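Per-entry structural report
The chain contents come next:
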Amino acid sequence: MKTPVILKTIEELKEWRRGINAPLGFVPTMGALHAGHLSLLKASMAQNPHTLLSIFVNPTQFGANEDFGKYPRTLQADIALAQGVDAIFAPESKEMYKSDDEITLNPPKLMGYVYEGAIRKGHFDGVLQVVLKLFNLTSPTRAYFGQKDAQQLLLVQKMVKDFFLPLEIVPCPIIRDDDGLALSSRNIYLSKEERQIALKIPQTLQKIARLINEGEREVGKLYEFGMRELEGMNVDYLAFCNHTLEPLEQIIPTQTLILLTCKVGNTRLLDNLWI
Ligand code: AMP
């Protein structure tokens, strides 16, 4: 098993990158690695002779009242978990942001300001900004993103398409804990009781999927059913949309995304189903 090279600066990253002459898989993360992140690394290692992991808690994608300060930072444990990857790029903020007045990116109007984009103002501006920087620095052949963050994945795919970026985005399925909860670095914020409550999220999605499998196509009925199941939960949104995030009235199999986001205690939990 390879032990990863740790790269802290852009100079070190560039130097390392110059030595790579075969396809490179890239997995950008904010660290606090769990089995969801490891599945992305595994996919990359299976498809590319080299894999680079980045760990960077990106300040520009957090709102002023969000958890940037307390987001878990566990670099030593992450390094131990990432055995087999070639290198880990783990820069400080000042490496990635040289100026406090930089050019920024606006997400597209139709996909960028709904759902997460409506609730977390400026979030996707920061995501696209840092992802473009990371792509430019690392020149990957393929980059791996989780379907867990469905809107982020769709926006990154759109940025690659709109800006003719020379890489392939590889979507990876959601990895769940044994109890069904989608893995997230933020799950550690949940108390034992909150975690029990949070299970309603995947359970409701599963029940909706069952109804769809049994032939229900009416979004109105599925929405009402879902909201009844979620009674008492603090639901940010339950939405049925296509892969460009336009709302659907009828389920179209293979083209439907069901998004469900709830606040449990102080923690926002995202989950979804790709039908
Ligand atoms: P994060 O560190 O939360 O920014 O996530 C880094 C990458 O891991 C993103 O592409 C996420 O979508 C992906 N990811 C996070 N949780 C999961 C999960 N449970 N299953 C699959 N991918 C995930």
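Further up the page is the structure itself.
Predicted, not measured: the structure shown is a model, and the values here were computed from it.

Reading the values: rules and limits
- Residues numbered from 1 in each chain as written.
- Predicted model: local features only at pLDDT ≥ 70, side-chain atom pairs only at ≥ 80, totals over all residues.
- Heavy atoms only, no water.
- Helix = DSSP H or I, 4+ residues; strand = E, 2+ residues; numbered from the N terminus.
- Rg over C-alpha atoms; globule rule 2.2 N^0.38 Å.
- Buried < 20%, exposed > 50% of the residue type's maximum accessible area, 1.4 Å probe, protein only.
- Contact = heavy atoms within 4.5 Å.
- Lys, Arg positive; Asp, Glu negative; His and termini not counted.
- Charge placed at Lys NZ, Arg CZ, Asp CG, Glu CD.
- Pairing = 2+ DSSP bridges.
- Axes fitted to C-alpha atoms, helices over the stretch in contact; angles between N-to-C directions.
- Expected span 1.5 Å × (residues − 1).
- Arc of directions from axis to C-beta.
- Core = buried A, V, L, I, M, F, W, Y, C linked by side-chain atoms within 4.5 Å.
- Domains from an automatic or database assignment.

Moving on, we come to the overall build of the chain. Along the backbone of the chain there are 11 helices and 9 strands. A compact globule built from 275 residues should have a C-alpha radius of gyration of about 19 Å, and the chain, at 19 Å, falls within 12% of that. Oriented by its inertia axes, the alpha-carbon framework of the chain measures out at about 55 × 40 × 40 Å. In the chain, which comprises 275 residues, the proportion classed as buried is 52%. Long-range contacts, defined here as pairs at least 24 residues apart, represent 71% of the contacts in the chain between residues at least 6 apart. For the chain, the centre of its 30 positive side-chain charges and the centre of its 32 negative side-chain charges are spaced 2 Å apart.

With that settled, consider the environment of Gly-63. Structurally, the position occupied by Gly-63 is in the loop between β3 (50-55) and α3 (75-81). Distance in space between the C-alpha atoms of Gly-63 and His-123 is 7.0 Å, their sequence separation being 60 residues.

Let us now look at the sheet that holds strand β9 (residues 267-274). Within a sheet, each strand pairs with its neighbour through backbone hydrogen bonds, oriented either parallel or antiparallel. Read from one edge to the other, the open sheet built from 3 strands follows the order β7-β8-β9, with strand pairing classed as antiparallel. Whereas interior strands pair on both sides, the edge strands pair on one side only; in this sheet they are β7 (234-241) and β9. Taking the axes of each pair of neighbouring strands and ignoring which way they run, one obtains an average angle of 10° across the sheet. Bridge count between strand β8 (residues 257-264) and β9: 8 bridges; the pairing is antiparallel. Its bridge partner being in β9, Leu-259 is matched across the sheet by Asn-272.

With that settled, the discussion passes to helix α10 (residues 200-213). A rise of 1.5 Å per residue sets the reference length of α10, with its 14 residues, at 20 Å; its end C-alpha atoms lie 20 Å apart and thus fit the reference within 8%. Among the residues of α10, Ile-201, Pro-202, Thr-204, Leu-205, Ile-208, Ala-209 and Ile-212 are the ones counted as buried. Summarising the axial view, the buried residues of α10 lie within an arc of 160°, below the 170-degree limit, and thus occupy one face. Of the surrounding elements, those touching the buried residues of α10 are α9 (192-198), α11 (219-229), β7, β8 and β9. Phi for Gly-215, located one or two positions after α10, is positive at around 115°.

Moving on, we get to the nonpolar core. Of all hydrophobic cores here, the largest spans 43 residues; its most connected members are Leu-52, Phe-89, Phe-135, Ile-169 and Leu-259. Residue assignment for this core shows that the elements contributing at least two residues are α1 (10-18), β2 (24-29), β4 (87-89), α7 (123-138), β5 (142-146), α8 (150-162), β7 and β8. Per-element accounting of this core gives the leading share, 9 residues, to α7. Two domains each put at least three residues into this core: domain 1 (5-172) and domain 2 (187-270). Excluding its chain neighbours within four sequence positions, the residues that come into contact with Leu-259 are Tyr-115, Ala-150, Tyr-237, Leu-238, Ala-239, Cys-241, Leu-245, Asp-271 and Asn-272. Within the second largest apolar cluster, 24 residues are counted, among which are Phe-225, Leu-230, Leu-260 and Val-264.

To continue, consider the sheet that holds strand β6 (residues 168-172). The sheet built from 6 strands is open, its strands ordered β1-β4-β3-β2-β5-β6 with parallel pairing. The sheet terminates laterally at β1 (5-7) and β6, the two strands that pair on one side only. On average, each strand axis in the sheet is tilted by 25° relative to the strand beside it, whichever way the strands run. Here 2 bridges tie β2 to β5, and the two strands are oriented parallel to one another. The residue bridging Phe-26 from the neighbouring strand is Ala-143, located in β5.

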